Amino acid sequence: MTKKTPAGKPAAGRKTAGDKPESRTALVRRARRINRELAEIYPYAHPELDFENPFQLVVATVLSAQTTDLRVNQTTPALFAKYPTPEDLAVADPEEVEEILRPTGFFRAKTRSVIGLSKALVEQFDGEVPGRLEDLVKLPGVGRKTAFVVLGNAFGRPGITVDTHFQRLVRRWRWTEETEPDKIEAAVGALFPKSEWTMLSHHVIFHGRRMCHARKPACGVCPIAPLCPAYGEGETDPEKARKLLKYEKGGFPGQRLNPPQSYLDAGGRPAPPLGAG
C-alpha cells in the first residue's frame, strides 16, 4: 500500500508497482522545488559556527568533527581570546590548548590539527587563510567538507558541504544513491546552479538538524512532505511530530552564541555560553 502525504497524495519520487522511474528532468524540478520550499522555511539559514574571520572559521570547523556546533561555539571564545591569530596558535603549548579543547572531544587530535594548520598558514601562506580549495585541503585536519564551509562562508565562493545531515537527506529525497561524499557532492551539484550551492547546503543541513532527524524525522509537520519519497519513515501524527522539533522550530535556543540578526528577528534565541545554566 502506498504511503500518503498529509495532502493525501503519494509522495513525489516514490516508486510503486507499475510506476516509471523518475526522469532526470522531473528529478531536477523536484530537487529545486524542495530547495525553494526550504528557503521559505529557513530564510535565516546560516553557518552555525560562530566566527569573525576565515581563521576562526577554519579552526571552528575542524573542531566540529564528532561534536556539536554548540559545543564548539561554547569552547572557541576561550581559545581565540588566548590565541587570536595563526601566529599565536602556531607556537602555543599543546597541553594548554588541549585543556581548552577538552569539551569538544578528541581534544588531543584536534589540538594537533589546529596547531598544525596554524603553523602551515604561517609558513606557507603568510598567516592568511587561502581562498582556494587546492590550498585549503593541504592544511592539517582540513578536508573537502571543511574547505567548502570556509570557501562558501568566509570567501563567498560556492561549495556544497556534505556533512552527515546532507548525506542523509539527499538520499532520503532520492537526489542520489551515492554513498561517498565526493560523489554525493558531484551528483547533487549537477542538479543546481553553482550559485545556489552554499545556501542549498545551509537549507538542507538546517532541515536535517531541526526536522528530518536521523532516527525519528518529524514527517507529520514537514512542509515538504508531498515532495519526499521517504515520507512515513518518521512520526506522521502532527501533534507527536511537533514535539520532535529542535532549536527555534521547537522553541529552543539555537547553536550559536552570536547568531545573525536575521535569525534573531525570526524568533531564534542565542545559545548559552559554556557552563551557563
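The coordinates are above.
Since we're looking at a predicted model, the values are computed, not measured.

Visitor: For this particular structure, what's the right way to read the overall build of the protein?
Guide: If you tally the helices and strands in the protein, you get 13 helices and zero strands. When its helices and strands are written in sequence order, the protein yields α-α-α-α-α-α-α-α-α-α-α-α-α. Considered along the principal axes of its C-alpha atoms, the protein spans approximately 65 × 45 × 30 Å. Counting over 277 residues, the protein shows a buried share of 49%. Look at the contacts in the protein between residues 6 or more apart in sequence, and 59% of them connect residues 24 or more apart. Carbon together with sulfur atoms contributes 50% to the accessible area of the protein, which is approximately 13700 Å² in total. Computed over 41 positive and 33 negative side-chain charges, the inter-centroid distance for the protein is 10 Å.

Visitor: Teacher, can you tell me more about empty space enclosed by the protein here?
Guide: A probe as big as a water molecule, rolled over the atoms, marks out the empty space that is left. A full pass over the atoms with the stated rule returns one cavity of 30 Å³ or more. Its boundaries defined by the atoms lining it, the largest cavity holds a volume of some 100 Å³. Forming the walls of the largest cavity are 15 residues, and the residues nearest its centre are Cys212, Pro217, Cys219, Cys222 and Cys228. Each residue belonging to the lining of the largest cavity can be placed in one class, and the counts come to twelve nonpolar, one polar and two charged.

Visitor: Please explain the layout of surface pockets as it appears in this structure.
Guide: As a volume, the largest pocket reaches approximately 960 Å³. Lys145, Asp163, Thr164, His165 and Arg209 are the residues nearest the centre of the largest pocket, which is lined by 42 residues in total. Going through the elements one at a time, helix H2 (54-63), helix H8 (144-154), helix H9 (164-172), helix H10 (181-189) and helix H11 (197-210) are the ones with two or more residues in the lining of the largest pocket. Looking at the lining of the largest pocket, the element that brings in the most residues is H11, giving six residues. Of the residues contributing to the lining of the largest pocket, the split by class is 13 nonpolar, 18 polar and eleven charged.

Visitor: Would you mind showing me how to read the side chain of His213 here?
Guide: Looking at the secondary structure, you find His213 in the loop between H11 and helix H12 (238-242). Overall, the relative accessible area of 9% leaves His213 in the buried class. From its side chain, His213 meets the backbone oxygen of Arg209 in a polar contact 3.5 Å long. One polar contact links the side chain of His213 to the main-chain carbonyl oxygen of Arg210, over a distance of 2.9 Å. Residue contacts for His213: discarding those within four places in its chain leaves Arg168, Arg172, Gly208, Leu244, Leu245 and Lys246.

Visitor: Even after reading the chapter, I still don't get the environment of Lys119, so can you show me in this structure?
Guide: By the element assignment, Lys119 lies in helix H6 (residues 107-125). A relative accessible area of 38% means that Lys119 is categorised as partly exposed. The spatial distance from the C-alpha of Lys119 to the C-alpha of Pro140 is 9.5 Å, given a sequence separation of 21 residues.

Visitor: Explain the nonpolar core to me, please; I cannot follow it from the model alone.
Guide: Nonpolar side chains tend toward joint burial in soluble globular proteins. Judged by nonpolar contacts, the single largest core of 40 residues is most densely connected at Leu38, Tyr42, Phe166, Trp173, Trp175, Val188 and Phe192. Ranked by residues supplied to this core, first place goes to helix H1 (residues 24-41) with six residues. In terms of nonpolar packing, the next biggest core, distinct from the first, is built from 33 residues, Val58, Leu89, Val97 and Phe107 among them.

Visitor: Is there a simple way to think about H10 in this case?
Guide: Each full turn of the α-helix corresponds to 3.6 residues, which orients residues three or four apart in the same direction. Listed in full, the buried residues belonging to H10 are Ile184, Glu185, Val188 and Gly189. Here the buried residues of H10 occupy an arc of 120° about the axis, which is enough to place them on one side. On its buried face, H10 is in contact with H8, H9 and H11.

Visitor: Looking at this structure, how should I read the environment of Gly220?
Guide: Along the chain, Gly220 falls in the loop between H11 and H12. Each C-alpha atom of the pair Gly220 and Pro238 lies 4.4 Å from the other, and the pair is 18 residues apart in sequence. Excluding residues that lie within four positions of it along the chain, Gly220 makes contacts with Glu235, Thr236, Asp237, Pro238 and Ala241.

Visitor: Explanation requested: the pattern of salt bridges in the structure shown.
Guide: Any two side chains of opposite charge can pair if their charged atoms end up close together. Overall, the coordinates contain 13 salt bridges when judged by the stated rule. Between Arg210 and Glu48 there is a salt bridge, and its shortest N-O distance comes to 2.8 Å. Here Glu48 lies in the loop between H1 and H2 and Arg210 lies in helix H11, a separation of 162 residues in the sequence. When sorted by exposure, Arg210 lands in the same class as Glu48, which is buried. Taking the shortest distance from any N to any O, the salt bridge between Asp50 and Arg256 comes out at 2.9 Å.

Visitor: What is the right way to read the side chain of Arg209 from this model?
Guide: Among the secondary structure elements, Arg209 is positioned in helix H11. Residue Arg209 is classed as buried on the basis of its relative accessible area of 14%. Excluding its chain neighbours within four sequence positions, the residues that come into contact with Arg209 are Glu48, Asp69, His165, Lys246, Tyr247 and Gln255.

The rules we used
Chains are numbered independently. Their residues run from 1 in the order of the written sequence. pLDDT decides what is reported in this predicted model: residues at 70 or higher carry local features, side-chain atom pairs at 80 or more are listed and counted, and totals for whole chains, interfaces and linings draw on all residues regardless. Hydrogens and water molecules were not included; the side-chain quantities draw on all heavy atoms of the structure. Strands are runs of DSSP state E lasting at least 2 residues, helices are runs of H or I lasting at least 4, and numbering of each runs from the N terminus. Any residue under 20% of the maximum accessible area for its type is buried, any over 50% is exposed, and the rest in between are partly exposed; the area is computed with a 1.4 Å probe on protein chains only. By definition, residues are in contact when any of their heavy atoms lie within 4.5 Å. The accessible surface values rely on the Shrake-Rupley method and a 1.4 Å probe; as for residues, cover is taken only from the protein chains in view. In this charge count, Lys and Arg are treated as positive and Asp and Glu as negative; neither His nor the chain ends contribute. Where a charge sits is defined by one atom per residue type, namely NZ (Lys), CZ (Arg), CG (Asp) or CD (Glu). Using only the protein atoms, space was sampled on a 1 Å grid; points where a 1.4 Å probe fits but cannot get out form cavities, open sets with protein on both sides within 12 Å along at least five of seven lines form pockets, and lining residues are those with an atom within 4 Å of a point. Grid points are joined across faces, edges and corners, and a volume is the space filled by probe spheres set on the points. Polar here means any residue outside two lists: the nonpolar Ala, Val, Leu, Ile, Met, Phe, Trp, Tyr, Cys and Pro, and the charged Asp, Glu, Lys and Arg; Gly therefore counts as polar. Between N or O atoms, a polar contact is any pair within 3.5 Å; within protein, one atom must be a potential hydrogen donor and the other a potential acceptor, and residues adjacent in sequence are included only when both atoms are from side chains. Buried Ala, Val, Leu, Ile, Met, Phe, Trp, Tyr and Cys residues that are joined via side-chain atoms within 4.5 Å together make up what is termed a nonpolar core. An arc is given here, and it is the one of the directions from the helix axis to the C-beta atoms. Salt bridges are identified by distance alone: a Lys or Arg side-chain nitrogen within 4 Å of an Asp or Glu carboxyl oxygen.

By themselves, these figures tell us nothing about what the structure is for.
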